[in-house]
Structures are given as structure tokens and as C-alpha cells.
Amino acid sequence: MASTSHKRFNTRAGRAFDVLNVVVLTGVGLLAILPFLYVLAGSFATELEITTRPFFVWPNEITTSSYQSILSSDVFVRAFATTVVVTFVGTLVQLALTALMAYPLSKADLPGRRTILSLVVFTMVFSAGMIPTFLVVKDLGLLDTYWALILPMAINPFSLIIIKNFFQQLPQELEESAKIDGANELQVLWHVILPLSKPVLATFALFYAVGIWNDYLSPLLYLSDTGKWTLQMILRQVTAAASLSADEMATDVPPPAQGIKFAVVVIATIPVLLAYPFLQKHFAKGMLIGSVKG
């Protein structure tokens, strides 16, 4: 069977398909990476070069004035630190709540399990909407707090179902042996289930972290204190503005009008790109394991 498959792809048509496949995928890859390379090059270019050259991936004159303006800005540094803390805490909270709900739902003998799962699936199709969610956040007293950026998205129904299915696929004998040794349900979850669930947890940790990091709508809706703004709000303000003064950025270094926009985009993107390689070994496995209906 393997020999027949090898012969089929070793024909002229098979080799032509391979070449066409490589060309198409290379073109798609370039289309995806070239805009980022342009933004990265523009963040190190002078204002004159940005306005006179329509596209480039390497500046004629390298300057770090945009980054100097950003890093000397108290507003930007505070927003960046806020985003890092909110993303870290939010990811831990969302993973913990999702796992704590997924574990009991993975038990076939849980009373009301079908009803709860039906409600979870219902929320995947129908959502309350922006205004009802805002009213709930307001009534809970979460307005102008960082918890408003975390709790409304604490449990994603898709993530919950995948993690639940992953828990169901783990051998029941492991739980039974732990209970024979005197472990309760929380101890079984912490010492047995979670250590075996690193691939799926790492995958959805990346999803949760990227979602919180890139979220600008929640700060826009729930945070009225500009001192609590996250990085995405600063990015939104910077990219929407025609130009920024040194007073607006709370810095002594006059920022270039276009270069600083590119620099902010680069700084907002790099942390996510740096996090992915550390989770890549779990990513593919975590997306496939648990996706089978259980």
C-alpha cells in the first residue's frame, strides 16, 4: 500500500503537484509575512522615508527614535505592564474555571449533565449581546476594574467542550487507583488529571492569553479611567490619531507621526510571537486530542 502511494506521487503529475503546492504556499506565506516586515522596517525608518517610499522591508537609514519615544512614555509603559499582568492573571483564572467545570462534566454519572451541556452548547449559538453583558458587569460592580476584562470571558464554551472530551479519554483506572489511595476529587484533578492534560491546557492557555492580550473592546466598554487602559487601547489611540505630540505621550522625546504607530504595533505583536514557540510542541497535539466526540 505504501509502495503504491509512493509510486503515485513519484509520477510527473505528482511532482508537478508538489511544485505547484510549494509555489502557492510560498506565495501565501509571503503575503502573510510581508506586511509585518514592512511595519517592522517602518518602525526603524525615518519619517521622511516612510512618507516617500510606498513599501520597503529594509530602511535606508536606521533610527530608534520611535522606540525611544515609546519607552520614555509613562503612559505606554504603564499600559504595557497592565496588559502583561491582566493577561497572566486572566489566563490562569480562565484555565482554572474551565478545568473545574470540564472535570465534573466529563463524568457520565453527574446529575443534570445533559442539561448543563445543552446550555453550554446553546451559548455557542446564541449570546446575550453587548448591552446585556454591560448591564451585568455594571450590576456586579465590576465597572472600571480589571476583573471586567477577565470574568465575562472566563469560560469559553468551545474550550470547555474540548477539555471535557480530553478528560473523558483519560484512563479511568488512574482515577480509581488514586481514590483507593485516599485522594478526593480535587486531589485527583490536581495530581492526576492536570499533569496528563498539559497539551490541551497549553493550547487553550495560548488561545486565552492571545484573546486577552488583543482585546480592546472590553477596556473600551468597561474602563473609564484612562490610567487603567491596556496596551490595545493605547494602540487604538495611536493608530487612529493623525499625529501625536510629546505631551499626549507624556514623554520628552518628540515622536515621529508614522514611525511610532509602527513601533507600537511591533511591541504589541512580539510578545505573542515569542510565546508561541514555547507552546508549539503542545499545540498540534492539544488541538487534535479531545476533539473526538465522547
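Residues numbered from 1 in each chain as written. Predicted model: local features only at pLDDT ≥ 70, side-chain atom pairs only at ≥ 80, totals over all residues. Heavy atoms only, no water.

## Comments concerning the packing of aromatic side chains
And step 1. By the definition in use, this model includes 12 aromatic pairs.
And step 2. Taking 5.5 Å as the distance between ring centres and 75° as the angle between the ring planes, the aromatic pair formed by tyrosine 38 and phenylalanine 56 counts as edge-to-face. Note that tyrosine 38 is positioned in helix H2 (residues 12-43) and phenylalanine 56 in the loop between helix H3 (47-52) and helix H4 (65-71), a separation of 18 residues in sequence. Here tyrosine 38 matches phenylalanine 56 in class, with each residue buried.
And step 3. Ring geometry for phenylalanine 204 against phenylalanine 207: centres 5.5 Å apart, planes inclined by 80°, an arrangement best described as edge-to-face. Of this pair, phenylalanine 204 and phenylalanine 207 are both found in helix H11 (residues 198-214), three residues apart, which corresponds to roughly one turn of the helix.
And step 4. Looking at phenylalanine 207, the relative accessible area reads 34%, which means it is partly exposed.
And step 5. Following the ring pairs from residue to residue traces out a cluster consisting of Tyr38, Phe55, Phe56 and Phe262. (Phe/Tyr/Trp six-rings, centres within 6.5 Å; stacked < 30°, edge-to-face > 60°. Helix = DSSP H or I, 4+ residues; strand = E, 2+ residues; numbered from the N terminus. Buried < 20%, exposed > 50% of the residue type's maximum accessible area, 1.4 Å probe, protein only.)

## A short note on empty space enclosed by the protein
And step 1. Counted under the stated rule, the structure contains one cavity of 30 Å³ or more.
And step 2. What lines the largest cavity is simply Thr83, Val86, Thr87, Leu149, Met153, Ile212, Trp213, Asp215, Pro219 and Thr230.
And step 3. Residue contributions to the lining of the largest cavity peak at three residues, all from helix H5 (residues 74-105).
And step 4. The class makeup of the residues in the lining of the largest cavity is six nonpolar, three polar and one charged. (1 Å grid on protein atoms, 1.4 Å probe; cavity = no way out; pocket = protein on both sides within 12 Å on 5 of 7 lines; lining within 4 Å. Points joined across faces, edges and corners; volume = space filled by probe spheres on them. Nonpolar A, V, L, I, M, F, W, Y, C, P; charged D, E, K, R; others polar.)

## Digging into the pattern of salt bridges
And step 1. Within the structure shown, the criterion is met by three salt bridges.
And step 2. The residue arginine 53 makes a salt bridge to glutamate 49 at a minimum N-O spacing of 2.5 Å.
And step 3. Given a relative accessible area of 6%, glutamate 49 falls into the buried group.
And step 4. For lysine 107, the salt bridge is made with glutamate 175, and the minimal N-O distance between the two is 2.2 Å. Within this pair, whereas lysine 107 is found in the loop between H5 and helix H6 (113-125), its partner glutamate 175 is found in helix H9 (residues 172-180), the two being separated by 68 residues in sequence. One exposure class covers both lysine 107 and glutamate 175, and it is buried. (Salt bridge = Lys/Arg side-chain N within 4 Å of Asp/Glu carboxyl O.)

## Observations concerning the layout of surface pockets
And step 1. Looking at the largest pocket, its volume works out to about 760 Å³.
And step 2. In terms of lining residues, the largest pocket is bounded by 30 residues, among which Thr133, Leu151, Pro152, Met153 and Ile155 are the most central.
And step 3. The set of elements that each furnish at least two residues to the lining of the largest pocket consists of helix H7 (130-139), helix H8 (157-169), H11 and helix H12 (217-222).
And step 4. Among the elements that line the lining of the largest pocket, the one with the most residues is H11, at five residues.

## Some remarks on the confidence of the model for the chain
And step 1. On average, residues of the chain score 82 in pLDDT, and 86% of them reach the 70 mark or higher.
And step 2. No element of the chain has a lower mean pLDDT than helix H1 (residues 2-9), at 52, and none a higher one than H5, at 91.
And step 3. Long-range and interchain partners of residues 242-246, a stretch whose pLDDT sits below 50, account for 14 contacts in this model, where long-range means more than four residues apart.
And step 4. Confidence over residues 290-294 falls short of pLDDT 50; this stretch has 11 contacts with residues more than four positions distant or in other chains. (pLDDT = per-residue confidence, 0-100. Contact = heavy atoms within 4.5 Å.)

## Observations regarding the environment of serine 69
And step 1. Relative to the helices and strands, serine 69 is located in helix H4.
And step 2. Residues serine 69 and isoleucine 260 lie 191 residues apart in sequence; the distance between their C-alpha atoms is 7.6 Å.

## Quick look at a nonpolar patch on the surface
And step 1. On the surface, a nonpolar cluster with roughly 910 Å² of combined accessible area is contributed by Val85, Phe88, Val89, Leu92, Leu97, Leu100, Trp147, Leu151, Ile155 and Leu186.
And step 2. Considering each element in turn, the nonpolar patch owes the most residues, six residues, to H5.
And step 3. For leucine 92, a relative accessible area of 48% corresponds to the partly exposed category. (Patch = residues over 30% accessible without salt bridge, like charges linked within 9 Å, V, L, I, M, F, W, Y side chains within 5 Å. Areas by Shrake-Rupley, 256 points an atom, 1.4 Å probe, with all protein chains shown as cover.)

## Re the nonpolar core
And step 1. Counting residues in each nonpolar core, the largest one holds 30 residues, and the members touching the most others are Phe56, Ile70, Phe76, Ile234 and Val264.
And step 2. Elements with a minimum of two residues in this core: H2, H4, H5, H11, helix H13 (231-240) and helix H14 (259-288).
And step 3. The dominant element in this core, judged by the number of residues it contributes, is H14, at seven residues.
And step 4. Ala178, Ile193, Leu201 and Tyr208 belong to the second largest nonpolar core, which has 24 residues in total. (Core = buried A, V, L, I, M, F, W, Y, C linked by side-chain atoms within 4.5 Å.)

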